[in-house]
Amino acid sequence: MTATADDLRARHAEALAGFTGHRFFRAAADGSLSSAARDRYFVNERLFVGAARAIFAHLLIKAPTLAAARHLVGILDGLVNAQEGLFDDIFDRLDLVLPEDGLPAPDMLGTGVIAIARDAPYAAGIAAMLSAEWSYLTVARSLDWDACPDPAMADWFRLHAEDDFAGNVTWLEAELERVWSPDVAEAVDAAFARTVALEIAFHDDPLDAA
């Protein structure tokens, strides 16, 4: 069952549509994104993936079952190996480097969601990452990345369309259903909404900065 996830998506449908339909994704898929905006996005995104390791590490510490802990370890493995491995290749191809002092957009998104994972109930952290991961799966499977003229961008989003990534989204939905209770309902709703808002601002940044 995914009733809790479905309810969150229904209540925040307008905001989610603003995220999954973001002009950044459309421009990235159709090739109209400038190279400066593309490069800014990849640097931002790699910085956030670093923060995501901390987010899932906080959830791993709080995991209420061994099965949940094992799955969260698997998600961390995917971040460290599959995603960072692809970043190694993309950064080599595009001659990109990470700034020593970070950047505002990934710092805001990373610190915001880390705070949820660290300070809010476990269910709220799961909801926060569900909003982000489900949205990326939606974008990856709804736009034609095979027709994208930018190979690096196509590779990045095709990674998010793969069955392994989709399986993690399914797990987040099921785990949220398992751990949700009326006691955490307000925190779950707030975490979901806050993360979507932060993600929209994060994807504004490459377009505004380029």
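Note: the structure precedes this text.
Quick summary incoming for the structure in this document.

Moving on, we come to the nonpolar core. Judged by nonpolar contacts, the single largest core of 75 residues is most densely connected at Tyr-41, Phe-42, Met-153, Trp-156 and Phe-157. Those residues in contact with Met-153, other than ones at most four positions away along the chain, are Phe-24, Ala-28, Leu-33, Arg-38, Tyr-41, Phe-42, Trp-145 and Cys-148.

On to the packing of aromatic side chains. Evaluation of the coordinates by the stated rule reveals 13 aromatic pairs. A centroid spacing of 4.5 Å and a plane angle of 35° characterise the contact between Phe-24 and Tyr-41, whose relative ring orientation is tilted. Taken together, the positions of Phe-24 in helix H3 (residues 23–30) and Tyr-41 in helix H4 (residues 35–62) put the pair 17 residues apart, joining distant regions of the chain. When the centroid spacing of 6.3 Å and the interplanar angle of 15° are considered together, the rings of Tyr-41 and Phe-157 count as stacked. With Tyr-41 in helix H4 and Phe-157 in helix H8 (residues 151–159), this residue pair connects regions lying 116 residues apart in the sequence. No difference in accessibility class separates Tyr-41 from Phe-157, as the two residues are buried. Among the aromatic side chains, those forming a connected cluster through ring pairs are Phe-19, Phe-24, Phe-25, Tyr-41, Phe-42, Tyr-136, Trp-145 and Phe-157.

Within the secondary structure layout, His-22 lies in the loop between helix H2 (13–20) and H3. In this structure His-22 touches Ala-17, Ile-200, His-203, Asp-204 and Leu-207, once residues within four positions along its chain are discounted.

Moving on, we get to the packing of H2 against helix H7 (residues 122–142). Contact pair H2 / H7: the axes reach a minimum separation of 10 Å and the direction vectors enclose 55°. Judged by the inter-axis angle, H2 sits oblique to H7. In this structure, H2 meets H7 at a crossing whose hand is right-handed. Across the interface between the two elements, Leu-16, Phe-19 and Thr-20 from H2 touch Ser-131, Trp-134, Ser-135, Tyr-136, Thr-138 and Val-139 from H7. The residue inventory of the contact of H2 with H7, partitioned by class, reads 5 nonpolar, 4 polar and no charged.

Let's shift gears to empty space enclosed by the protein. Evaluated as defined, the whole model comprises 1 cavity of 30 Å³ or more. Taken together, the elements giving at least two residues each to the lining of the largest cavity come down to H4, helix H5 (66–94), H7 and helix H10 (185–209). Top contributing element to the lining of the largest cavity by residue count: H4, with 5 residues. The class makeup of the residues in the lining of the largest cavity is 11 nonpolar, 3 polar and 3 charged.

Moving on: the packing of helix H1 (residues 3–11) against helix H9 (residues 163–179). For the pair H1 and H9, interaxial distance at closest approach is 7 Å and the crossing angle is 105°. The orientation of H1 with respect to H9, classified from their angle, is roughly perpendicular. Contact residues: Ala-3, Thr-4, Ala-5, Leu-8 and Arg-9 in H1; Glu-173, Leu-176 and Glu-177 in H9.

By the secondary structure assignment, Arg-38 is in helix H4. Residue Arg-38 is classed as buried on the basis of its relative accessible area of 16%.

Take a probe with the size of a water molecule and roll it over the atoms, and the empty space left behind shows itself. Considering only enclosed or pocket space, the largest pocket measures out at about 230 Å³ in volume. Contributing to the lining of the largest pocket are Gly-74, Ile-75, Gly-78, Leu-79, Ala-82, Gln-83, Glu-133, Leu-159, Glu-162, Asp-164, Phe-165 and Asn-168. When contributions to the lining of the largest pocket are tallied by element, the ones reaching two or more residues are H5 and H9. Residue contributions to the lining of the largest pocket peak at 6 residues, all from H5. Class assignment for the residues of the lining of the largest pocket results in 5 nonpolar, 4 polar and 3 charged.

Residue classification places Phe-157 among the buried positions, given a relative accessible area of 0%. Along the sequence, Phe-157 and Ala-140 sit 17 residues apart, while their C-alpha atoms lie 5.2 Å from each other. Aside from chain neighbours lying at most four places away, what touches Phe-157 is Phe-24, Phe-25, Tyr-41, Tyr-136, Val-139, Ala-140 and Trp-145.

Residue position: Phe-25 is located in helix H3. The class of Phe-25 is buried, set by a relative accessible area of 0%. C-alpha separation for the pair Phe-25 and Val-139, spaced 114 residues apart in sequence, amounts to 7.4 Å. Sequence-distant contacts of Phe-25, that is, excluding residues within four places in its chain, are made with Phe-19, Thr-20, Tyr-136, Val-139, Leu-143, Trp-145, Phe-157 and His-203.

Reading the values: rules and limits
- Starting from 1, residues in each chain are numbered consecutively following that chain's sequence as written.
- Two thresholds apply to this predicted model, a pLDDT of at least 70 for residue-level local features and 80 or more for giving and counting side-chain atom pairs, whereas whole-chain, interface and lining totals are computed over all residues.
- To obtain the side-chain values, all non-hydrogen atoms of the structure were included, while hydrogens and water were left out.
- By nonpolar core we mean a set of buried residues, namely Ala, Val, Leu, Ile, Met, Phe, Trp, Tyr and Cys, connected to one another through side-chain atoms within 4.5 Å.
- Burial classes follow relative accessibility: with a 1.4 Å probe on protein chains only, a residue under 20% of its type's maximum area counts as buried, one over 50% as exposed, and anything between as partly exposed.
- In this description, contact between two residues means that some pair of their heavy atoms is separated by no more than 4.5 Å.
- What counts as a ring pair is set by centres within 6.5 Å for rings of Phe, Tyr and Trp (its six-membered ring), and what kind of pair is set by the plane angle: stacked under 30 degrees, edge-to-face over 60, tilted for all other angles.
- Each helix is a run of H or I in the DSSP string that is no shorter than four residues. Each strand is a run of E no shorter than two, and both are numbered from the N terminus.
- For helices, the axis comes from a line fit to the C-alpha atoms of the stretch in contact; other axes are also lines fit to C-alpha atoms, and the angle between any two N-to-C directions lies between 0 and 180 degrees.
- Any angle that is under 35 degrees is reported as roughly parallel, and any over 145 degrees as roughly antiparallel; angles of 65 to 115 degrees are reported as roughly perpendicular and all others as oblique.
- Handedness of a crossing follows from how the near helix is turned relative to the far one, being left-handed for an anticlockwise turn of less than a right angle and right-handed for a clockwise one.
- Residue classes follow a fixed rule: Ala, Val, Leu, Ile, Met, Phe, Trp, Tyr, Cys and Pro count as nonpolar, while Asp, Glu, Lys and Arg count as charged, and any other residue, Gly among them, counts as polar.
- A pocket, in this scheme, is an open set of points on a 1 Å grid over the protein atoms alone with protein on both sides within 12 Å along at least 5 of 7 lines, while a cavity is a set where a 1.4 Å probe fits but cannot get out; residues line either one if an atom lies within 4 Å of a point.
- Grid points are joined across faces, edges and corners, and a volume is the space filled by probe spheres set on the points.

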